[in-house]
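# Coordinates in review
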Amino acid sequence: MRSSLLAFATDLLDEGLETVADNVQNRAGAGGITLATAYHDARDVFPHNPWRVVYFQEPGAVFFQPTRERFRELELQPVVSRLIGDRDLLADLVTVARRRDLDANAWVVLLHVDRGRAIEQFAQRNAFGDPYVTQLCPSNPDVRAYARALVGDVAMRGVAAILMEAFHFLPFPHGYHHERAFVEISALTSFLLSLCFCDSCERAAAGRGVDVSSLRAAVQATIREGLLTDENDPAAVDDEMVVRSLFGGELGGLLAARSDVVTSLVEECVEAARGVEPETVVVPIDPSGAIKGYAGGQPTGPPAPSISWRLGIDLARLAQVADAVEVMAYATTAERVLVDLEAYVQALPGAPKLGVILRPLRPDCDGSENLRSKIDVASSLGFDRVDFYHYGLARLDALDWVKFALATTKER
């Protein structure tokens with residue numbers, strides 16, 4: 001199995017590229033470093049960073065020097081991190097990794113950019129036309145052009161793989177900073193608030209034969225009812241076929257259009273990378289396991305891929321257009337990891353390449369044996385890569401857990 005530690009620019013800059021590479025290669029026994037090359041806003045606590053403990057990530061920044069010719073005619077432009085100045089941190093990582101025989105990978109958060117009102121015209125919009133200013137809409141042609149340019153430009157650096165996150169529609173609960181809602185939002189209302197009705201999405205739905213005006217009015221009315229009463233059935237969103245049949249089946253047409261949009265965007269990004277660097281592997285990440293288990297490592301209910309469709313992800317089609325598919329197994333027990341990973345194998349026919357992201361830290365993991373049991377599950381199911389979240393957010397003893405888990409899995 002190929003393996004890597006996910007890392008931030010702060011890790012490489014503050015500890016030094018050579019120190020991080022040495023820790024990853026020798027202490028963790030992993031095969032690569034995956035740098036957050038385009039990332040979103042966050043407040044992070046770094047337990048072993050020598051210079052900072054609490055850090056606020058820059059909203060929607062990139063950590064390399066973009067090739068300006070690629071973006072010159074585009075409406076959306078990359079924003080280079082102030083942290084790196086004139087430095088191309090990704091190129092520096094590639095240089096160090098090659099010398100050490102490590103993989104240098106790029107972790108690209110594509111559409112979740114946190115740039116506020118600056119992205120309003122490109123943002124997802126709910127049924128009332130309210131823009132979600134943390135997320136770009138994958139239907140928007142300007143967004144798609146930006147995504148292709150970004151992935152192609154990253155591929156030019158010679159990375160082994162691009163782990164592509166947030167290439168899909170984001171769910172309403174993904175949230176914002178200091179959000180407020182003093183009424184209970186049911187699962188159905190939350191899902192309907194996640195649906196995008198921007199001009200581009202409406203055109204895509206209309207192309208599927210959807211009566212968009214009627215559907216939009218029905219969605220508005222259902223959201224209003226859900227916010228003012230307790231009438232929404234929170235169980236409805238657990239059954240994809242039930243949801244698709246809502247509003248006289250019109251919602252099913254919108255959801256089909258969403259999966260068309262997401263699948264074609266991934267296909268275009270893969271082609272953009274291959275056009276400049278055929279050897280670079282583009283790996284979209286399905287976040288469903290994180291949606292279910294991020295907060296406490298206790299996912300419940302059906303397996304993670306049962307909710308992928310809510311994001312516009314059609315797993316079978318995704319596997320056809322991407323080089324591989326990565327999933328997130330955020331759970332405390334190997335038994336739950338097995339449930340989720342088996343479901344992904346069943347949902348992805350044709351033996352596609354699969355990768356998994358594990359957290360060698362709490363709440364998911366309490367030691368090396370726990371981590372080993374999860375890697376054993378992935379290995380037994382034919383997963384060919386494992387990535388660990390996250391170098392800077394975990395304590396350094398997590399690297400020891402990784403080394404033990406990788407070594408003992410190889411021995412079996």
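Details of the structure are given in the entry above.
We now turn to the structure provided with this report.

Definitions and limits used
Residues numbered from 1 in each chain as written. Predicted model: local features only at pLDDT ≥ 70, side-chain atom pairs only at ≥ 80, totals over all residues. Heavy atoms only, no water. Core = buried A, V, L, I, M, F, W, Y, C linked by side-chain atoms within 4.5 Å. Buried < 20%, exposed > 50% of the residue type's maximum accessible area, 1.4 Å probe, protein only. Helix = DSSP H or I, 4+ residues; strand = E, 2+ residues; numbered from the N terminus. Phe/Tyr/Trp six-rings, centres within 6.5 Å; stacked < 30°, edge-to-face > 60°. Lys NZ or Arg CZ within 6 Å of the ring centre and 35° of its normal. 1 Å grid on protein atoms, 1.4 Å probe; cavity = no way out; pocket = protein on both sides within 12 Å on 5 of 7 lines; lining within 4 Å. Points joined across faces, edges and corners; volume = space filled by probe spheres on them. Nonpolar A, V, L, I, M, F, W, Y, C, P; charged D, E, K, R; others polar.

With 117 residues, the main nonpolar core has Leu110, Leu136, Leu150, Leu341, Val356, Leu371 and Phe388 as its most contacted residues. It is helix α5 (residues 141-155) that provides the largest number of residues to this core, a total of eight residues. Among the nonpolar cores identified, the runner-up in size contains 20 residues, and Leu188, Val212, Leu251 and Trp309 belong to it.

Tracing the sequence through the fold places Glu277 in the loop between α10 (250-276) and β11 (281-286). Glu277 sits in the partly exposed class, given a relative accessible area of 25%. Separated by 124 residues in the primary sequence, Glu277 and Asp153 place their C-alpha atoms 9.7 Å from one another.

What follows deals with the packing of aromatic side chains. Tallied over the full model, the rule gives eleven aromatic pairs. Plain terms: the ring middles of Phe8 and Trp107 are 6.0 Å apart, the flat faces sit at 10° to each other, and that makes the pair stacked. Highlighted residues: Phe8 in the loop between β1 (2-7) and α1 (9-15) and Trp107 in strand β7 (residues 103-109), separated in sequence by 99 residues. Take Phe8: its relative accessible area is 2%, and that puts it in the buried class. Measuring from centroid to centroid gives 6.0 Å for Tyr132 and Phe172, while their planes differ by 45°, and the two rings are tilted. Of this pair, Tyr132 sits in strand β9 (residues 131-136) while Phe172 sits in the loop between β10 (161-165) and α6 (187-194), and the two are 40 residues apart along the sequence. Judged by relative accessible area, which is 30%, Phe172 ranks as partly exposed. Pairwise contacts between aromatic rings join Phe8, Tyr39, Phe46, Tyr55, Trp107, Tyr294, Tyr330 and Tyr389 into one cluster. The ring of Phe169 has Arg258 sitting right over it, with the charged end atom 4.1 Å from the ring centre.

Moving on, we come to the layout of surface pockets. Here the largest pocket is characterised by a volume of approximately 1,400 Å³. If you trace the largest pocket, you find 49 residues lining it, with Tyr39, His40, Asp44, Tyr294 and Tyr389 closest to the centre. Counting residues per element, the ones that place at least two in the lining of the largest pocket are β3 (43-45), β7, α11 (288-293) and α15 (397-411). Residue classes in the lining of the largest pocket are distributed as 32 nonpolar, eight polar and nine charged.

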